[in-house]
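# A closer look at the structure
Here is what each chain is made of, one letter per residue.
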Amino acid sequence: MPETRLGAARLAWIVGMAALTLGLGLGGGRYLTYHEAFVAQASREMVASGRGLIPTIGDRPWLEKPPLAVWLVALLGRVTGEVDEVVARAPSAVAGTLLAVGVATLAAGRFGASVGLLAGLVQATTLWTVLRGRLAEADMLLACLVTWTVLAFDRMRDEADGSRPWRWAFFAGLGLTALAKGIGFGAVLIAAVVVVVLVWERDRATLRKLVFLKGWGVAGALALTWPILVIVRYPTALGLWTLHIADRLAARPEHFAGGSPWWQYGPALLGQALPWTPLALVGAWRSLRRAVDPPGGTDRLLWAWAVAPVVLLSLATVKNGHYAIYALPPWSVWTALSLARLGSRLRARGWAPEQVRLAARAGFAGLGLACGLGFAWLGPWLDHRGVEWAFYEAAGQTLRVDEPLVLLYDDWDRDPYPTPFGPVPHDLAVRLYYFDRPACWRTGVEALAARPPAPGPEAFAVLGRDRDLPALRRLGRVETVLEGPRLRSRASRVDDRTFALYRVTPEVVATLDTDDWQ
């Protein structure tokens, strides 16, 4: 019987590979994206305020997503003393590493330690792991939790005593998924896998193990404690979360942009499994042949995991290709089985076992270095957003510490996110993060005149466009502090992303008449 424990050496290989693919250039590769900035800025505000229950953006509650990613970044920020790109992305990188270890552990327990090692190395070098593991978002955290919860379910099925640790781990993982990306989202994906496996294998013994009130109590406590505390303080949050769920299932979503075709998940799966897609498909075909014949076993679990979440996601109105990543870990196991079979064929053709191992080590090491160094060296060169973000950094450093800052928007900009606590511009978090100072925002100069950021004649800074200058000069004396790079929207030939930092010294704000704005 093959060895089923990974052992320290194999575990070190997997962790080392993840360190290459996820660690190199983690902070310096590129600036934060819009979505990453929400996590980073909310974490920075949480550290600054000392309040840990409710994330905020611009001191307003930000409850669009559960707080697990923000909590982890804020905790690391407290330890390191700051929230920078490395700190913001580190939890996702660690989650990607743990994900690879989880996949390896599952594969080792069912197919042997050698296949487990290969599965872990494949997982650490798969495109979606490298991409998502380098983003300060919740996707990799949820993928990691889903993987370990499915692993716990698989191990729980073999436990003679249903009260053993894997049973508790299953329910704990089920509850924790609610804190990662969306309340109930991860749990529903896991439940789909569990139901398909139980029905396919007619597994009444495992079904009886799931009838465990204490376990469901743990899952419920982990999933619902934070939402209940938030609702007690902000009852309108319940309407926000209900809106999220309803709009994702509605025929015409209003809160989200969605409605993509269901078949997009096919190309997404094939693309995100690169560079291992061909080997994964070969392994999947052989696995399917085993799954349809009794006893099925682990192959049925892998197929349930690979198919059930995707089918479930395709039923929703709002679809995104990257949601398929929660169904991709089985592809790493199938790839590992194909690689193991390839190694056996090489040995049958006269390769010595040590030659096969040396070729595998060299191949994986080269792939890991290519991923890590590629992000570290090419990332800044390909990061077009970074030009604008760098301008915000430089602009923030030119202002006085106590100087008020206004971020000016107009009807050229994307509509802000509607929230129960007021609208939030889509790029507010990234601007606040890179300016690294408090700021308010106004829609148009007229709104700024009605609500200036400072009383009386005190000067204030404004981030605006050249076309705002005539209206700003009606407020008082305007000085151009710093001009930004000329950027052009892909959808427009107008330089609508070209900003400048102005300093306005009010002179006539108090005497302005509304007719002046006509």
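What comes next concerns the included structure. The structure displayed is predicted, hence computed values, not measured ones.

Our focus in this paragraph is the overall build of the protein. A tally of regular secondary structure across the protein gives 21 helices and 7 strands. Oriented by its inertia axes, the alpha-carbon framework of the protein measures out at about 85 × 50 × 45 Å. In the protein, which comprises 518 residues, the proportion classed as buried is 51%. Put simply, 78% of the contacts in the protein that link residues at least 6 apart link residues at least 24 apart. With an accessible surface of roughly 24,100 Å², the protein has 62% of that area assigned to carbon and sulfur atoms. Across the protein, 54 positive and 44 negative side-chain charges occur, with their mean positions spaced 13 Å apart.

This part covers a positive patch on the surface. A surface patch of like charges, here positive, comprises Arg286, Arg289, Arg341, Arg345 and Arg349. The topology assignment puts arginine 341 in helix α16 (residues 329-348). Look at arginine 341 and you get partly exposed, because its relative accessible area is 36%.

The next thing to look at is unusual backbone geometry. The omega torsion of the bond from leucine 274 to proline 275 falls at 0°, within 30 degrees of zero and hence cis. Among the structural elements, proline 275 can be located in the loop between α13 (265-272) and α14 (277-291). One non-glycine residue, arginine 202, adopts positive backbone phi at about 50°. Residue placement: arginine 202 occurs in the loop between α9 (185-201) and α10 (204-210).

To continue, consider the side chain of serine 338. Counting through the fold element by element, serine 338 comes out in helix α16. Within the structure, the side chain of serine 338 is placed 3.1 Å from the backbone nitrogen of glycine 283, a separation counted as a polar contact. Those residues in contact with serine 338, other than ones at most four positions away along the chain, are Leu279, Val282 and Gly283.

Before going further, it helps to examine the pairing of strand β3 (residues 405-409). Along β3, 5 of the 5 residues are buried, which leaves the element largely enclosed by surrounding structure. Residues Leu405, Leu407 and Tyr409 line one face of β3 and the alternating positions Val406 and Leu408 line the opposite face, and both faces are buried. Sheet analysis places β3 next to strand β4 (residues 440-443), joined by 4 bridges and oriented parallel. Bridging across to β4, valine 406 finds its partner in cysteine 440.

All right, on to the environment of valine 73 then. You can see valine 73 is positioned in helix α3 (residues 68-80). Sequence separation between valine 73 and threonine 480 is 407 residues, and the spatial gap between their C-alpha atoms is 36 Å. Those residues in contact with valine 73 that sit more than four places away from it in its chain are Val39, Ser43, Val83, Val87, Ala88 and Pro91.

Let's shift gears to the packing of aromatic side chains. Under the defined criterion, the tally for this structure stands at 22 aromatic pairs. What links up through ring pairs into an aromatic cluster is the set Phe153, Trp168, Phe170, Phe171, Phe212 and Trp216. Sitting over the ring of tyrosine 433, arginine 44 keeps its end group 4.0 Å from the ring centre. Note that arginine 431 overlies the ring of phenylalanine 499, its terminal NZ or CZ placed 4.7 Å from the centroid.

When two helices pack together, their arrangement is given by the angle between the helix axes and the distance between those axes. Close contact between α14 and α16 brings their axes to 7 Å; oriented N to C, the two are set at 95°. Viewed along their axes, α14 and α16 adopt a mutual orientation that is roughly perpendicular. Contact residues: α14 offers Thr277, Leu279, Ala280, Leu281, Val282, Gly283, Ala284, Arg286, Ser287 and Arg290, while α16 offers Trp331, Trp334, Thr335, Leu337, Ser338, Leu339 and Arg341. By residue class, the composition of the contact of α14 with α16 is 9 nonpolar, 5 polar and 3 charged.

Throughout the structure, instances matching the rule amount to 20 salt bridges. Between aspartate 154 and arginine 157 there is a salt bridge whose closest N-O contact spans 2.8 Å. Within this pair, aspartate 154 and its partner arginine 157 are both found in helix α7 (residues 139-158), separated by 3 residues, close to a single helical turn. Aspartate 154 sits in the buried class, given a relative accessible area of 1%. Among the salt bridges present, the one from glutamate 403 reaches arginine 400, with a minimum N-O distance of 4.0 Å. Taking the relative accessible area as the measure of exposure, arginine 400 reaches 40% and is therefore partly exposed. The network of salt bridges with shared partners includes Arg110, Asp154, Arg157, Asp158 and Glu201.

Each pocket or cavity is described by its volume, and for the second largest pocket that value is around 740 Å³. What lines the second largest pocket is a set of 25 residues, and nearest its centre among them are Ser114, Leu118, Val356, Arg357 and Ala360. At the level of elements, α1 (7-23), α5 (113-125), α16 and α17 (353-382) are the ones that each hand at least two residues to the lining of the second largest pocket. Ranked by the residues each element gives to the lining of the second largest pocket, the list is headed by α17, at 9 residues.

Conventions we followed
- Residues numbered from 1 in each chain as written.
- Predicted model: local features only at pLDDT ≥ 70, side-chain atom pairs only at ≥ 80, totals over all residues.
- Heavy atoms only, no water.
- Helix = DSSP H or I, 4+ residues; strand = E, 2+ residues; numbered from the N terminus.
- Buried < 20%, exposed > 50% of the residue type's maximum accessible area, 1.4 Å probe, protein only.
- Contact = heavy atoms within 4.5 Å.
- Areas by Shrake-Rupley, 256 points an atom, 1.4 Å probe, with all protein chains shown as cover.
- Lys, Arg positive; Asp, Glu negative; His and termini not counted.
- Charge placed at Lys NZ, Arg CZ, Asp CG, Glu CD.
- Patch = residues over 30% accessible without salt bridge, like charges linked within 9 Å, V, L, I, M, F, W, Y side chains within 5 Å.
- Salt bridge = Lys/Arg side-chain N within 4 Å of Asp/Glu carboxyl O.
- Polar contact = N/O pair within 3.5 Å; in protein donor to acceptor, adjacent residues only side chain to side chain.
- Pairing = 2+ DSSP bridges.
- Phe/Tyr/Trp six-rings, centres within 6.5 Å; stacked < 30°, edge-to-face > 60°.
- Lys NZ or Arg CZ within 6 Å of the ring centre and 35° of its normal.
- Axes fitted to C-alpha atoms, helices over the stretch in contact; angles between N-to-C directions.
- Parallel < 35°, antiparallel > 145°, perpendicular 65-115°, else oblique.
- Nonpolar A, V, L, I, M, F, W, Y, C, P; charged D, E, K, R; others polar.
- 1 Å grid on protein atoms, 1.4 Å probe; cavity = no way out; pocket = protein on both sides within 12 Å on 5 of 7 lines; lining within 4 Å.
- Points joined across faces, edges and corners; volume = space filled by probe spheres on them.

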